[in-house]
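What follows is each chain in one-letter form.
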Amino acid sequence: MIKTKNTWGTLLFSCLTVLSIFFYFSAYAAPQSFGEAKVQARQHVYANRNQSEPGTLYCGCKWRWTGKTGGRVDLDSCGYEPRKNANRAARIEWEHIVPAWVIGYQRQCWQKGGRKNCTQTDPVFRVMEADLFNLTPVIGEVNGDRSNYLYGMVYRTMPNQYGQCTTRTDFKERTTEPRDSAKGFLISYFSQKSCKIYKLRRNVAKSEEDGNGDE
């Protein structure tokens, strides 16, 4: 069951995040690379959110910023217990809510050399990879476990994998089920994102028809 307090807190956090990105785009140029996006998200979107109640998307942990884009997770703040990789569990990483694989795997650059090749050779992919609306700070271990899996439901009998954090990944079925208090935000996000991706792909297709593709 979703607790009302946590649900409203998450919704408010999500609204504030979207508004922060909107006003940021109104004043500054959009980032042109994933590296730029992480710096801008850290400085202008999530700078003061690391100690807020919603915490990290998947587990609700608080964290302490380190360096330009990194962070150290307060595991005790959400009862997180590492599943397998304690080092990665202790650090903040930037998650693509829509995985980079989904964004890029059909592009020629990906088919010829994967994400690294797309980042190096395809300016369209770099812009998509740097979409601030698609980035959120999460615990590194959960980010790695989610990989490029789709969101969905896992078996109810599956035990928690990260202590009190209720996000779970079924590796056999290649599915991640986020914690309950994140589901509403993600459903709303994907409803909006699907329209944006459709428009972007339509524009990209037109651009490539005109001879301005990724090759």
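Residues numbered from 1 in each chain as written. Predicted model: local features only at pLDDT ≥ 70, side-chain atom pairs only at ≥ 80, totals over all residues. Heavy atoms only, no water.

Student: I'd love a proper account of the overall build of the protein, names of residues and values included.
Tutor: When helices and strands are counted, the protein shows eight helices and seven strands. Going through the 215 residues of the protein one by one, you find that 45% of them count as buried. Carbon and sulfur atoms provide 54% of the accessible area of the protein, an area that totals close to 12,000 Å². (Helix = DSSP H or I, 4+ residues; strand = E, 2+ residues; numbered from the N terminus. Buried < 20%, exposed > 50% of the residue type's maximum accessible area, 1.4 Å probe, protein only. Areas by Shrake-Rupley, 256 points an atom, 1.4 Å probe, with all protein chains shown as cover.)

Student: Got a sec to walk through unusual backbone geometry? Specific residues and values, please.
Tutor: A positive phi angle, near 55 degrees, is found at Ser-147, a position not held by glycine. In this structure, Ser-147 sits in the loop between α7 (140–146) and β5 (150–151). Overall, Ser-147 belongs to the partly exposed group, its relative accessible area being 37%. In the Ramachandran plot, Arg-174 falls in the positive-phi region, its phi being about 55 degrees despite a non-glycine side chain. Tracing the chain through its elements places Arg-174 in the loop between β6 (168–170) and β7 (175–177). Taking relative accessible area as the criterion, Arg-174 reaches 46% and is therefore assigned partly exposed.

Student: Which residues make up the nonpolar core, and what values go with them?
Tutor: Generally speaking, soluble globular proteins have nonpolar side chains that are buried together. Counting residues in hydrophobic clusters, the biggest one holds 39 residues, and the most contacted among them are Cys-59, Tyr-80 and Ile-139. Looking at this core, the elements with two or more residues in it are α2 (34–45), β1 (62–66), β3 (92–96), α4 (100–104), α5 (108–121), α6 (123–129), β4 (135–139) and α8 (180–209). (Core = buried A, V, L, I, M, F, W, Y, C linked by side-chain atoms within 4.5 Å.)

Student: Any chance you could break down the packing of aromatic side chains for me, citing the residues and the numbers?
Tutor: Taken as a whole, this structure holds eight aromatic pairs when the rule is applied. Arranged with centres 4.1 Å apart and planes meeting at 10 degrees, the rings of Trp-101 and Tyr-105 form a pair that is stacked. Since its relative accessible area comes to 32%, Tyr-105 is described here as partly exposed. Each member of the aromatic cluster is reached from another via a ring pair, and the members are Tyr-46, Trp-63, Trp-65 and Trp-94. (Phe/Tyr/Trp six-rings, centres within 6.5 Å; stacked < 30°, edge-to-face > 60°.)

Student: Hey, could you go over the confidence of the model for the protein for me, with residue numbers and the actual values?
Tutor: On average, the protein scores 82 in pLDDT, and the residues at 70 or more come to 76%. Here residues 1–27 is modelled with pLDDT under 50, and outside its nearest four sequence neighbours on either side it reaches 33 contacts, counting other chains as well. (pLDDT = per-residue confidence, 0-100. Contact = heavy atoms within 4.5 Å.)

Student: Break down the sheet that holds β6 for me, with residues and values.
Tutor: Pairing is mixed in the open sheet, where three strands are placed in the order β5-β7-β6. Of all strands in the sheet, those with a lone pairing partner are β5 and β6, marking the two edges. Where β5 and β7 come together, two bridges link them in parallel fashion. Bridge pairing in β7 places Leu-150 opposite Thr-175. (Pairing = 2+ DSSP bridges.)

Student: Tell me what's going on with the state of the cysteines, and back it up with residues and numbers.
Tutor: Taken as a whole and assessed by the stated rule, the structure comprises three disulfides. Between Cys-59 and Cys-165 runs a disulfide, and the two sulfur atoms are separated by 2.1 Å. Handedness of the Cys-59-Cys-165 disulfide follows from its S-S torsion of about -70 degrees: it is left-handed. Here Cys-59 is found in the loop between α2 and β1, whereas its partner Cys-165 is found in the loop between β5 and β6, with 106 residues between them in sequence. Of the two residues, Cys-59 and Cys-165, neither departs from the other in class, the shared state being buried. The disulfide bridge from Cys-109 ends at Cys-118, spanning 2.1 Å between sulfur atoms. Negative torsions about the S-S bond denote left-handed disulfides, and the value of about 90 degrees found for Cys-109 with Cys-118 makes this one right-handed. (Disulfide = S-S within 2.5 Å.)

Student: Now, about the environment of Gln-43: what can you tell me, with residues and values included?
Tutor: With respect to the element layout, Gln-43 can be found in helix α2. Note on Gln-43: relative accessible area 46%, which makes it partly exposed. Counting along the chain gives 26 residues from Gln-43 to Thr-69, while the straight-line C-alpha distance between them is 8.4 Å.

Student: Explain the pairing of strand β2 (residues 70–74) to me, and be specific about the residues and the numbers.
Tutor: Residues Gly-71 and Val-73 of β2 are buried on one face, while the alternating residues Gly-70, Arg-72 and Asp-74, pointing to the opposite face, are not. As defined by bridge partners, β1 adjoins β2 across five bridges and the pair is classed as antiparallel. Each bridged residue has a counterpart across the sheet, and for Thr-66 the counterpart in β2 is Gly-70. Taking the residues between adjacent antiparallel strands as the criterion, β1 and β2 are bridged by three residues, where Gly-67 takes a positive phi near 65 degrees.

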